[in-house]
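The residues making up each chain are set out below.
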Amino acid sequence: MNIAIWIITGLIAVAFIGAGLMKVAQPRAKLAANGMAWTNDYSDAGVKLVGLAELLGGLGLILPAVTGIAPILVPIAAAALTVIMIGAVVWHVRANDTKGALPSAVLGILALLVAIARFGPWAF
């Protein structure tokens, strides 16, 4: 089971790091033009903050466990990413974008699974 948790953790870490880097590196107008309509509802700083949170959360899923430095940060990062994805799902549902809510829901559920596993029976 530990290997399965590592695989899930690695996959969602890549997803969050990639999404976070994209939001931090690209201007809000370009993100909106590429289909991220939610960025129109937030300031440039707000979008960058969400990107930074996703980037740090993705790194927090992997680095503490790999380095052995404060591995308790792994489930904390997973729990924080779950909260971020709950917010994303809420935004998509309110915007009647159920198709857009699905990836956020899947990532949120996987992050919750990692948080529960790493806080619980498969902690470091």
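Residues numbered from 1 in each chain as written. Predicted model: local features only at pLDDT ≥ 70, side-chain atom pairs only at ≥ 80, totals over all residues. Heavy atoms only, no water.

Engineer: Please explain the side chain of His 92 as it appears in this structure.
Structural biologist: Structurally, His 92 can be placed in helix α4 (residues 73–94). Among residues more than four places away in sequence, those in contact with His 92 are Asp 97, Thr 98, Gly 100, Ala 101 and Ser 104. (Helix = DSSP H or I, 4+ residues; strand = E, 2+ residues; numbered from the N terminus. Contact = heavy atoms within 4.5 Å.)

Engineer: Just to check I follow, could you spell out helix α3 (residues 44–67) for this structure?
Structural biologist: Given 3.6 residues to a turn, an α-helix orients residues that are three or four positions apart in the same direction. With 24 residues, α3 should reach 34 Å at 1.5 Å per residue; the first-to-last C-alpha distance of 33 Å fits that figure. At Gly 60, α3 is bent by approximately 35 degrees, the largest bend along its length, and proline Pro 64 sits one to four residues beyond. Within the span of α3, buried status applies to Val 47, Gly 51, Glu 54, Leu 55, Gly 57, Gly 58, Gly 60, Leu 61, Pro 64 and Ala 65. Among the structural elements, α1 (2–25), α2 (28–33), α4 and α5 (98–119) are those in contact with the buried residues of α3. (Expected span 1.5 Å × (residues − 1). Bend = angle between axes of the 7 residues up to and from the residue. Buried < 20%, exposed > 50% of the residue type's maximum accessible area, 1.4 Å probe, protein only.)

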